[in-house]
Amino acid sequence: MRLWQQYLALIAAVLLPCAAMTAAASSPIVIAHRGASGYVPEHTLAAKAMAHAMGADYIEQDVVLTRDGIPIVLHDIHLESTTDVAARFPDRARQDGRFYAIDFTLAEIRTLRAHERTGADGNAAFPGRFPLGPGLLTVPTLAEEIDFISGLDRSRGRRTGLYIEFKAPNFHRREGHDIARRVLDVLVEKGYDQRRDQVFLQCFDDVTLRYLRDTLQTPLPLIQLIADNSWGEDSEVDYDFLQTAPGLDAVASYADGIGPWLMQIYRGKQADGSVELSNLVALAHERGLQVHPYTFRADQLPAGIGSFAELLDIFLHQAGVDGLFTDFPDLARDYLLQHPVNRTSP
Ligand code: G3P
Ligand code: CA
């Protein structure tokens with residue numbers, strides 16, 4: 001071998017393994033949506049422990065603030081759908097009849113008991129799930145939940161991610177609170193503010209994500225959630241626009257991925273049974289954006305889908321998403337073990 005050929009072989013020997021590492025295949029991530037909420041009331045520490053035991057890669061925290069500005073893990077800005085607040089504080093509803101977390105101190109919220117989600121009629125939102133009725137479960141603070149997951153990571157020898165959503169940032173601002181800053185303060189306090197491989201931050205509001213990136217200068221990956229315009233999310237952004245090429249160009253300027261509603265990817269089935277998919281995943285991947293759709297529920301399948309495994313197959317093997325939010329992390333983990341997906345990240 002000539003000298004120049006030896007040099008080339010040496011360079012290839014050094015560089016090729018690096019290239020292989022850069023393009024290392026990875027499995028889509030399983031995100032436990034509000035914990036293992038298909039089995040245990042959402043956002044309780046019990047639901048988070050179960051998700052951890054089921055092998056979720058990330059566990060989701062929806063966050064709102066208390067009157068004293070403490071981030072708590074709760075999906076709604078209201079308390080009555082998932083706690084016994086109406087029984088404990090019957091005269092604390094606003095004129096619209098709702099009990100707002102922002103009107104209660106943390107000390108008051110600690111007295112509440114959490115239960116399975118109820119609908120507007122007071123009945124269980126998911127009738128086959130955990131029985132209704134206040135028990136021993138409570139509403140954790142974000143700090144408490146991070147300590148809890150960190151403790152489980154230590155005792156179980158794992159490294160589980162946090163997937164934190166800022167709920168209703170404009171509502172909080174009108175109430176005099178900066179929820180983005182309060183959450184980052186907790187991440188700093190807990191030593192998670194630089195863990196790019198272990199924390200995602202998500203929000204339906206584009207302005208809040210830009211604020212996190214440009215003003216608060218977080219290095220953590222940001223996910224732009226995409227709703228349907230009809231849902232009345234707490235944002236001025238046009239979600240139809242965000243699903244277009246120019247809309248995703250804009251998203252790519254401040255975020256690392258998108259979190260679309262699963263029906264924005266799965267459009268249904270043709271008469272011959274073939275699956276119809278939108279081009280949203282391809283458009284996002286072309287711009288280097290990860291795609292983590294929500295919400296995969298074994299007890300609430302989209303029309304035309306015969307089983308949870310079929311739903312997972314469509315998204316993981318046909319649409320090619322990079323992760324998914326599910327109330328049933330055990331089923332998604334089992335599916336991926338039996339039907340592995342390995343792809344390079346965008
Ligand atoms: O954050 C992803 C997904 O959880 C968004 O929907 O309403 O369950 O927070 P929601
Ligand atoms: Ca959420």
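Structure's up top.
Attention in this report is confined to the structure presented alongside it.

The rules behind the values
- Residues numbered from 1 in each chain as written.
- Chains lettered and ligands numbered in written order.
- Predicted model: local features only at pLDDT ≥ 70, side-chain atom pairs only at ≥ 80, totals over all residues.
- Heavy atoms only, no water.
- Helix = DSSP H or I, 4+ residues; strand = E, 2+ residues; numbered from the N terminus.
- Polar contact = N/O pair within 3.5 Å; in protein donor to acceptor, adjacent residues only side chain to side chain.
- Contact = heavy atoms within 4.5 Å.
- Buried < 20%, exposed > 50% of the residue type's maximum accessible area, 1.4 Å probe, protein only.
- Arc of directions from axis to C-beta.
- Near = heavy atom within 4 Å.
- Areas by Shrake-Rupley, 256 points an atom, 1.4 Å probe, with all protein chains shown as cover.
- 1 Å grid on protein atoms, 1.4 Å probe; cavity = no way out; pocket = protein on both sides within 12 Å on 5 of 7 lines; lining within 4 Å.
- Sits in = over half its atoms within 2 Å of the grid points.
- Nonpolar A, V, L, I, M, F, W, Y, C, P; charged D, E, K, R; others polar.
- Phe/Tyr/Trp six-rings, centres within 6.5 Å; stacked < 30°, edge-to-face > 60°.
- Salt bridge = Lys/Arg side-chain N within 4 Å of Asp/Glu carboxyl O.
- Axes fitted to C-alpha atoms, helices over the stretch in contact; angles between N-to-C directions.
- Left-handed = near helix turned anticlockwise from the far one by under 90°.
- Donors = N, O, S within 2.8 Å, 3.2 Å for Na, K, Ca; no water.
- Tetrahedral: all angles 85-135°; square planar, octahedral: opposite > 155°, others 65-115°.
- Points joined across faces, edges and corners; volume = space filled by probe spheres on them.

## Regarding the side chain of S235
Tracing the backbone through its elements, the reader meets S235 in the loop between β7 (222-226) and α9 (239-242). A distance of 3.2 Å separates a polar atom in the side chain of S235 from the backbone nitrogen of V237. Discounting residues that sit within four places of it in the chain, S235 has contacts with N170, F204, D205 and D206.

## Focus on helix α10 (residues 245-252)
Of all the residues in α10, the buried ones are G247, L248 and V251. Down the axis of α10, the smallest arc covering the buried residues is 95 degrees, so these residues share one side. N-cap assignment for α10: the residue whose side-chain oxygen lies 3.1 Å from the backbone N of G247 is T244.

## So, the site of ligand 1
The environment of ligand 1 is formed by H33, R34, E60, D62, H75, E165, K167, Q202, F204, L225, Y294 and F325. For ligand 1, an oxygen atom lies 2.7 Å from a polar atom in the side chain of H33. In this structure, an oxygen atom belonging to ligand 1 sits 2.7 Å away from a side-chain N or O atom of R34. In the complex, the protein chains occlude 91% of the 280 Å² of accessible area that ligand 1 would expose alone. Placement of ligand 1 is best described as lying within the largest pocket. Grouping the amino acids of the shell around ligand 1 by side-chain chemistry returns four nonpolar, three polar and five charged.

## A short note on the packing of aromatic side chains
Within this structure, the stated rule accounts for twelve aromatic pairs. Measuring from ring centre to ring centre gives 4.8 Å for Y163 and F200, while their planes differ by 25 degrees; the resulting arrangement is stacked. One end of the pair, Y163, is in strand β5 (residues 161-166); the other, F200, is in strand β6 (residues 199-203), and 37 residues separate them in sequence. A residue is classified by how much of its surface remains accessible, and Y163, at 0% relative accessible area, is buried.

## Focus on the pattern of salt bridges
If you walk through the whole model with that rule in mind, you get 27 salt bridges. Put simply, D62 and R34 hold a salt bridge, and the shortest N to O gap is 4.0 Å. Of the two residues, D62 is situated in strand β3 (residues 58-65) and R34 in the loop between β2 (29-32) and α2 (45-53); the sequence distance between them amounts to 28 residues. For the pair formed by D62 and R34, the shared burial category is buried. Put simply, R34, E42, D62, D76, R117, E165 and K167 are held in one network by salt bridges that share partners.

## Thoughts on the packing of helix α12 (residues 308-319) against helix α13 (residues 329-338)
The interhelical angle for the contact between α12 and α13, taken along N-to-C directions, is 65 degrees, at an axis separation of 11 Å. Considering only the axes of α12 and α13, their crossing is right-handed. Contacts between α12 and α13 involve F308, A309, L312, D313, L316 and H317 on the former and, on the latter, L331, A332, Y335 and L336.

## Looking at the coordination of the calcium ion (ligand 2)
Coordination of the calcium ion (ligand 2) by the protein involves E60 (OE), D62 (OD) and E165 (OE), with metal-donor separations of 2.1 to 2.4 Å. Coordination geometry of the calcium ion (ligand 2): the six donor atoms subtend angles of 61 to 156 degrees at the metal centre, consistent with an arrangement described as irregular. Every donor residue of the calcium ion (ligand 2) comes from the same chain, spaced as E-x1-D-x102-E. With a gap of 103 residues between them, D62 in strand β3 and E165 in strand β5 connect regions that are remote in the sequence. Each member of the pair, D62 together with E165, is buried.

## Details of empty space enclosed by the protein
In the structure shown here, the tally under the stated rule is one cavity of 30 Å³ or more. Within this model, the largest cavity holds a volume of roughly 60 Å³. For the lining of the largest cavity, the residue count by class is four nonpolar, six polar and one charged.

## Some thoughts on the environment of D76
Here D76 lies in the loop between β4 (71-73) and α3 (85-88). For D76, a relative accessible area of 13% puts it in the buried group. A C-alpha to C-alpha distance of 12 Å links D76 and G119, two positions 43 residues apart in sequence. Within the structure, D76 has its side chain in polar contact with the side chain of R117 (distance 3.1 Å).

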